[in-house]
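For reference, the chains in residue letters:
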Amino acid sequence: MVGLIILIAVVFIGAFIYNRKSRKDIKYKLAPGSKKMLLDNVTFYKNLDEVNRLDFENRVADFLAHTTVRGVDVEIEDLDRLLVASGAIMLIFSFPDWRYNNISEVLLYKGTFSKDFETEGAGRNILGMVGDGAMHRVMLLSKPSLRSSFQSSGDGHNTVLHEFAHLIDKADGVVDGVPEYLLSRPHLLPWIKEIRNDIDRMRSKGKSDIDLYGATSDAEFFAVISEYFFEKPDKLKINHPELFEMLEEMFHPGSK
Ligand SMILES: [Zn+2]
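The rules behind the values
- Residues numbered from 1 in each chain as written.
- Predicted model: local features only at pLDDT ≥ 70, side-chain atom pairs only at ≥ 80, totals over all residues.
- Helix = DSSP H or I, 4+ residues; strand = E, 2+ residues; numbered from the N terminus.
- Buried ≥ 20, exposed ≤ 12 C-beta atoms within 10 Å, placed from the backbone.
- Contact = placed C-beta atoms within 7 Å.
- Pairing = 2+ DSSP bridges.
- Right-handed = clockwise from strand over helix to strand, strands pointing away.
- Expected span 1.5 Å × (residues − 1).
- Axes fitted to C-alpha atoms, helices over the stretch in contact; angles between N-to-C directions.
- Parallel < 35°, antiparallel > 145°, perpendicular 65-115°, else oblique.
- Left-handed = near helix turned anticlockwise from the far one by under 90°.
- Nonpolar A, V, L, I, M, F, W, Y, C, P; charged D, E, K, R; others polar.

**Q** Give me the overall build of the protein: which residues, what numbers.
**A** Counting secondary structure elements, the protein contains 11 helices and 4 strands. When each of the 256 residues of the protein is scored for burial, the buried share is 36%. Contacts in the protein between residues far apart in sequence, at least 24 positions, make up 63% of those at least 6 positions apart.

**Q** I'd like a rundown of the pairing of strand S2 (residues 105-109), residues and numbers included.
**A** Most of S2 is tucked away: 4 of the 5 residues are buried. Bridge count for strand S1 (residues 68-72) against S2 is 5 bridges, and the pairing is parallel. Opposite Val-69, over in S2, you have Val-106 as the bridge partner. Read as a crossover between parallel neighbours, the route from S1 over helix H5 (residues 78-92) to S2 is left-handed. In this sheet, strand S4 (residues 138-142) lies alongside S2 in parallel orientation, the contact comprising 5 bridges. Bridging across to S4, Glu-105 finds its partner in Val-138.

**Q** Go over H5, please, and point to the residues and values.
**A** In a regular helix each residue adds 1.5 Å, so 15 residues correspond to 21 Å; H5 covers 22 Å between its end C-alpha atoms and thus fits that length. Most of H5 is tucked away, with 13 of its 15 residues classed as buried.

**Q** Go over the packing of H5 against helix H6 (residues 143-151) with me, naming the residues and quoting the values.
**A** At a closest axis distance of 10 Å, the pairing of H5 and H6 adopts a crossing angle of 65°. Relative to H6, H5 is oriented roughly perpendicular. H6 is crossed by H5, and the crossing has left-handed handedness. Taking contact as the criterion, the partners of Asp-80, Leu-83 and Val-84 in H5 are, on H6, Lys-143, Leu-146 and Phe-150. Classifying every residue of the contact of H5 with H6 gives 4 nonpolar, no polar and 2 charged.

Set out below in structure tokens:
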């Protein structure tokens, strides 16, 4: 019986996530000057030591080997590819064997777009989106928002982190604000309780240091709070120590 449970667990994990060793190695060579571009644009990378920087570069290259970054009616540069991959890797950097198995392509738009992916006309207020249905392995991002996410690093907002947080949440089969790959079983219920309390508080007060968009659903709360955690960890720790501890345990397990 125990053997059966273990077998099921292995199949389940193998189906959705991320094991770098389980997939064929495809090589991708980072463009010349990538190291400098990362140093100049990605604070997370800049703050790493030499050994971890090299690891980060390898994981960025590995991400780009498996994920195409393409412009839709807009020119894109090596920097854009690097920034998309950096945001993706920042979230899972503490998990050396993880890789995103649920994305093949990132499309960059010249501005905001509508929920039907229109770039002209009314209703264009979306900066990023994880595709669904026929687009289920595609992420859409606004190129200006991609750039500004890293240019104004530390302001609490990063569209790339936001969308990849949704993708991690989605890896267990449902985008519900409960990223089961990041949460060990004893942490599941406390996490759900915590986010429901936070959302209730945000809704009743109508203001918060957490972006109010996070109060629209459990899924948006997880994406918004992930941005906050990576962009302004010190402030989050002061303002919401319990939430901070939970996110620390999720994204950097065993770091204490
Ligand atoms: Zn979202």
